[in-house]
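Breakdown of the fold
Spelled out, the chains give:
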Amino acid sequence: TDVVQSGESGFVDFIKATEYDWRDADGVEPVIEKMLEGDDLEKFREDRLAERAESVQNEADRNLSRLDDVVELDDEQHRELFGVLSRSARDYRPEIGSSGEAGLDLAGRDAAINEVLRPDQLEVLNEHRSSRRAQAEKEMNRLGMTLPANWDALERNPF
């Protein structure tokens, strides 16, 4: 309701607000934690953290594999970019990472990726991104719509 009634909301905001998955139950965690005590509370917290950690690892692995398919990463880049992609995963929390680093938004993720890639890889990635945008614009135009400026915020697969 807030998104629909806001004059500042756009198409991407609306789409994000209509998505639903297990993360939407996050708001129930404090309620459950108030109902639990001792070992039960600790087990609940450990289980939720383990679920998040597994989700972060799976998302980072998928995105790293996709990026590797596009630019052919070396071993050192794999190690560095796994950390970057982990920190940009939707379920990442500082307590999941071994270093406790803050998460990365889309712009931060892309900037970190750009720093790790060699110039030739960056050129290939930028061509890939341009191609994806052109394809998305083509699809939207076919439907008589215009691609939003922040269309990539909708993408689950950034590569």
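As a reminder, the structure under discussion sits directly above these lines.
All values reported here derive from a predicted model rather than from experimental measurement.

The next thing to look at is the pattern of salt bridges. On inspection of all chains with the given rule, the structure shows eleven salt bridges. Taking the shortest distance from any N to any O, the salt bridge between K43 and D47 comes out at 3.0 Å. Of the two residues, K43 and D47 both sit in helix 4 (residues 38–71), four residues apart, roughly one turn of that helix. Classification of D47 as partly exposed rests on a relative accessible area of 34%. Where R133 meets E137, a salt bridge forms, and the shortest distance between an N and an O atom there is 3.5 Å. Separated by four residues within a single helix, R133 and E137 lie in helix 7 (residues 119–142), roughly one turn from each other. One salt-bridge network, held together by shared partners, links D74, R118 and D120.

Among the surface-exposed residues, E37, D39, D40, E42 and E46 lie close enough to one another that they form a single negatively charged patch. Relative to the elements of secondary structure, E46 occurs in helix 4. Take E46: its relative accessible area is 48%, and that puts it in the partly exposed class.

Let us look at a nonpolar patch on the surface. Together, F11, L143 and M145 give the surface a local cluster of nonpolar side chains, amounting to about 280 Å² of exposed area. Looking at the element boundaries, M145 is found in the segment after helix 7.

So, about the packing of helix 5 (residues 75–87) against helix 6 (residues 106–116). Contact pair helix 5 / helix 6: the axes reach a minimum separation of 10 Å and the direction vectors enclose 175°. In terms of orientation, helix 5 and helix 6 fall into the roughly antiparallel class. For the pair formed by helix 5 and helix 6, the contact residues are Q77, E80, L81, V84 and L85 on the first element and R109, A112, I113 and V116 on the second. Class assignment of the residues belonging to the contact of helix 5 with helix 6 gives a composition of six nonpolar, one polar and two charged.

A few words now on the nonpolar core. Core analysis: the largest hydrophobic core is formed by 15 residues, its most contacted members being L67, V71, L73, L81, I113, L117 and L125. The element best represented in this core is helix 4, accounting for five residues. In contact with V71, not counting residues within four places along its chain, are L117, Q121, V124 and L125.

With phi around 55°, E72 is a residue other than glycine that occupies positive phi space. Looking at the element boundaries, E72 is found in the loop between helix 4 and helix 5. By relative accessible area, E72 is classed as exposed at 63%.

Once that is clear, we can look at the side chain of D110. Within the element layout of this structure, D110 appears in helix 6. A relative accessible area of 16% means that D110 is categorised as buried. In this structure the side chain of D110 is engaged in a polar contact, spanning 2.7 Å, whose partner is the side chain of R109.

Conventions and cut-offs
- Residues numbered from 1 in each chain as written.
- Predicted model: local features only at pLDDT ≥ 70, side-chain atom pairs only at ≥ 80, totals over all residues.
- Heavy atoms only, no water.
- Salt bridge = Lys/Arg side-chain N within 4 Å of Asp/Glu carboxyl O.
- Helix = DSSP H or I, 4+ residues; strand = E, 2+ residues; numbered from the N terminus.
- Buried < 20%, exposed > 50% of the residue type's maximum accessible area, 1.4 Å probe, protein only.
- Patch = residues over 30% accessible without salt bridge, like charges linked within 9 Å, V, L, I, M, F, W, Y side chains within 5 Å.
- Areas by Shrake-Rupley, 256 points an atom, 1.4 Å probe, with all protein chains shown as cover.
- Lys, Arg positive; Asp, Glu negative; His and termini not counted.
- Charge placed at Lys NZ, Arg CZ, Asp CG, Glu CD.
- Axes fitted to C-alpha atoms, helices over the stretch in contact; angles between N-to-C directions.
- Parallel < 35°, antiparallel > 145°, perpendicular 65-115°, else oblique.
- Contact = heavy atoms within 4.5 Å.
- Nonpolar A, V, L, I, M, F, W, Y, C, P; charged D, E, K, R; others polar.
- Core = buried A, V, L, I, M, F, W, Y, C linked by side-chain atoms within 4.5 Å.
- Polar contact = N/O pair within 3.5 Å; in protein donor to acceptor, adjacent residues only side chain to side chain.

Just geometry here; none of it tells us what the structure is for.
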